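# Geometric and topological summary
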Amino acid sequence: MEVAFVAGFGPITRDGAAARAFWEGGLGIPLEEPAPGYLTNDALDGVKAFALWPLAQAAESTFGSPSWPDDVPVPQAWVELDVASVDAVSAGVAELAAAGHRVLREAAEEPWGQTTARLLSPEGLLVGVTYTPWMHATASTD
């Protein structure tokens, strides 16, 4: 599988009002609600870096100790990795399944036109292997 780019990334929320207050009110990221409870900003510039950050390093950076505090929820998020085509979504997920990774959802076209399959990473990250047609550059015919 060849990942073309990170199509999206964000937290999985449990308290929508608190999340909106933090991301929109606190950080100033304008959010729209195209579906009930689903808040998005599709105009924010993309990911400039993608890193696998060990929890011990995140804890060290945040709390000064390699141990994550028991009274603080362990961070979780989602990431969508876009591939070159709809067929590449199915092929990529087949590769991951053949390597022993558990597929939570096979490739399917979403109502908005994105093709998505989902897995859970060893870190608890909800991973989408996707093809998002409007995010791919097209050759200009001008």
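The notes below deal with the structure included here. Because the structure is a prediction, the values reported are computed rather than measured. (Residues numbered from 1 in each chain as written. Predicted model: local features only at pLDDT ≥ 70, side-chain atom pairs only at ≥ 80, totals over all residues. Heavy atoms only, no water.)

### Some thoughts on the pairing of strand β4 (residues 77-82)
Of all 6 residues making up β4, 5 are buried, and the element is well covered by its neighbours. Relative to β4, strand β1 (residues 5-11) is paired through 6 bridges, and the arrangement is antiparallel. By the bridge assignment for β4, Phe-5 is matched with Asp-82. In terms of strand pairing, β4 meets strand β7 (residues 126-131) through 5 bridges, oriented parallel. Paired with Val-79 across the bridge in β7 is Val-127. (Buried < 20%, exposed > 50% of the residue type's maximum accessible area, 1.4 Å probe, protein only. Helix = DSSP H or I, 4+ residues; strand = E, 2+ residues; numbered from the N terminus. Pairing = 2+ DSSP bridges.)

### Thoughts on the pairing of β7
Judged by how many residues are buried, β7 sits mostly within the fold: 5 of 6 residues are covered. Examined bridge by bridge, strand β6 (residues 115-120) and β7 share 6 bridges and lie antiparallel to one another. Pairing of Thr-115 across the sheet is with Tyr-131, part of β7. Counting the residues in the hairpin turn of β6 and β7 gives 5 residues, including Gly-124, whose phi is positive at 90°.

### Observations regarding the sheet that holds β1
Here we have 5 strands laid out as an open sheet, ordered β1-β4-β7-β6-β5, and mixed in their pairing. In this open sheet, the two edge strands, each paired with only one partner strand, are β1 and β5 (103-109). Taken pair by pair, the neighbouring strands of this sheet meet at an average axis angle of 15°, ignoring direction. (Axes fitted to C-alpha atoms, helices over the stretch in contact; angles between N-to-C directions.)

### Examining the nonpolar core
The biggest cluster of nonpolar side chains holds 8 residues, and these are Val-83, Val-89, Val-93, Val-103, Ala-117, Leu-119, Val-129 and Tyr-131. Taken together, the elements giving at least two residues each to this core come down to α3 (86-98), β6 and β7. Contacts of Val-129, omitting those with residues within four sequence positions, involve Met-1, Leu-81, Val-83, Val-89, Val-93, Leu-96, Thr-115, Thr-116, Ala-117 and Leu-119. Counting residues in each nonpolar core, the second largest holds 5 residues, with Ala-77, Leu-81, Leu-125 and Val-127 among its members. (Core = buried A, V, L, I, M, F, W, Y, C linked by side-chain atoms within 4.5 Å. Contact = heavy atoms within 4.5 Å.)

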